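Close look at the chain arrangement
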Amino acid sequence: MKERILITGYNGELGSKALKELVSIGKSIIALDINNPKEKIHSVKYIKDSITNNELINSIFNDYHITEVYHFAALLSQTASQNPKLAFEINEKASKNLIDCSYTFGIKNNCKTRFFFPSSIAVYGPRKIENASEQDIIKPTTIYGNNKLIIEQYGSKLHEESLFKKIGLDFRSIRFPGVISYDTVPSGGTTDYAPQMINCAKKGEKFECKLSPNTKLPFIGIDKTISSIIDIMNLEIIESKLRVFNVQEASFSVEQLSDFLVGKFPSFKIKFNEDKNFQSVADTWPSSLNCEKAKKFWNFSSNISLEEFLNSIINK
Ligand code: SER
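To keep things clear, this report deals only with the structure shown in the data block. (Residues numbered from 1 in each chain as written. Predicted model: local features only at pLDDT ≥ 70, side-chain atom pairs only at ≥ 80, totals over all residues. Heavy atoms only, no water.)

1. Structural notes on helix 2 (residues 54–63)
- Among the residues making up helix 2, those that are buried are Leu-56, Ile-57, Ile-60 and Phe-61. Mapping the buried residues of helix 2 onto a view down its axis gives an arc of 135 degrees, with all of them on the same face.
- Among the structural elements, strand 1 (3–8), strand 2 (29–33), strand 3 (45–48), strand 4 (65–71) and helix 4 (84–108) are those in contact with the buried residues of helix 2. (Buried < 20%, exposed > 50% of the residue type's maximum accessible area, 1.4 Å probe, protein only. Helix = DSSP H or I, 4+ residues; strand = E, 2+ residues; numbered from the N terminus. Arc of directions from axis to C-beta. Contact = heavy atoms within 4.5 Å.)

Rendered as structure tokens:
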């Protein structure tokens, strides 16, 4: 049977970059998304359908030997709060089905299906903490945070069961902070204010910010996001019961970012208009993350200053 890698949500911010990176290292890919591809890569098999179509997912695993799964299809935090039912269907139910298929077909194929799940700082809460480590208090207050935590735990449980069988599932996950790209402007998330603000500053447009100036959150650039995913998935084995790891490159407040941008683009104007749907979420997420475990397991490094980090995004 033909070996393939399955990517879901390949049109999204992370999915599109991960797809290109995996193609460039010679992987054969099946890419699933509810929308058509924005640009087609010749060697990729594209499927336009929903991740909630269990029959389709099952048939993909039946027809191909899926060795790795990169599961990016999801609703982000604000969109999930507005559509809790859909968030449950996509973020939880469909994710569980995909994990179940990966586990079951891993057993059938007498191997372990390697599974990547992008988790989030949204699993933390209910209070804002600094330097949050993986085992800190995780009592999320949002629908999205709960969806992510349930899948972290579900994947970790099936990973553990696979340890005894030596076949099944090899679950790996990263808790991402806000991701900042230089060429796409995301929406639907709470941390998206940062890429949106940067984009407005660059274009000379005024920005209306829904978070208060002193709100501090952790962030990572898209390049480091993708290299972290590739690195964690390329490890032969992760000798750890903990399957979910923190990463960050910088941590800053809304005001620090706006000051930096005004310094670069002196005519840039920001209006603060706090929105409690955004503020109440950001107030439960950590202001910074402890990344010692990622350093230990795959040499994750993030030794750049805030200025270097922001310049690397703005100057791309
Ligand atoms: N960036 C995401 C959001 O704000 C968090 O994972 O929803």
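From this point, the narrative continues.
2. Thoughts on the sheet that holds strand 3
- Within the open sheet, the seven strands sit side by side as 3-2-1-4-5-6-10. Their pairing is parallel. Looking at the sheet topology across the chains shown, the edges are occupied by strand 3 and strand 10 (244–246). The average undirected angle you get between the axes of adjacent strands in this sheet is 20 degrees.
- Alignment of strand 1 against strand 4, held across six bridges, turns out to be parallel. When the sheet's bridge partners are listed, Glu-3 is paired in strand 4 with His-65.
- Against the sheet, helix 4 touches strand 1, strand 4, strand 5 (112–120) and strand 6 (168–176), its axis set at about 145 degrees to strand 6. (Pairing = 2+ DSSP bridges. Axes fitted to C-alpha atoms, helices over the stretch in contact; angles between N-to-C directions.)

3. Some thoughts on the packing of aromatic side chains
- Under the criterion given, the structure shown has 12 aromatic pairs.
- Ring centres of Tyr-10 and Tyr-46 lie 5.2 Å apart, and the angle between their planes is 55 degrees; on these two criteria the pair is classed as tilted. With Tyr-10 in the loop between strand 1 and helix 1 (13–24) and Tyr-46 in strand 3, this pair connects stretches of sequence that are 36 residues apart. For the pair Tyr-10 and Tyr-46, one class covers both residues: buried.
- For the pair Phe-219 and Phe-252, a centre-to-centre distance of 4.5 Å together with 10 degrees between the ring planes defines the contact as stacked. Linking Phe-219 in strand 9 (residues 216–221) with Phe-252 in strand 11 (residues 250–253), this pair joins segments that are 33 residues apart in sequence.
- Given a relative accessible area of 0%, Phe-219 falls into the buried group. (Phe/Tyr/Trp six-rings, centres within 6.5 Å; stacked < 30°, edge-to-face > 60°.)

4. With respect to the sheet that holds strand 9
- The strand order across the open sheet formed by three strands is 7-9-11, and the pairing between neighbours is mixed. Sheet topology places strand 7 (178–180) and strand 11 at the edges, where each strand pairs with a single neighbour. When the angles between neighbouring strand axes are averaged without regard to direction, this sheet yields 40 degrees.
- Two elements, strand 9 and strand 11, share four bridges in a ladder whose sense is antiparallel. Across the sheet, the residue bridging to Phe-219 is Ala-250, located in strand 11.
- Contacts from helix 7 (residues 222–234) reach strand 7 and strand 9 within the one sheet, and its direction differs from that of strand 9 by about 70 degrees.

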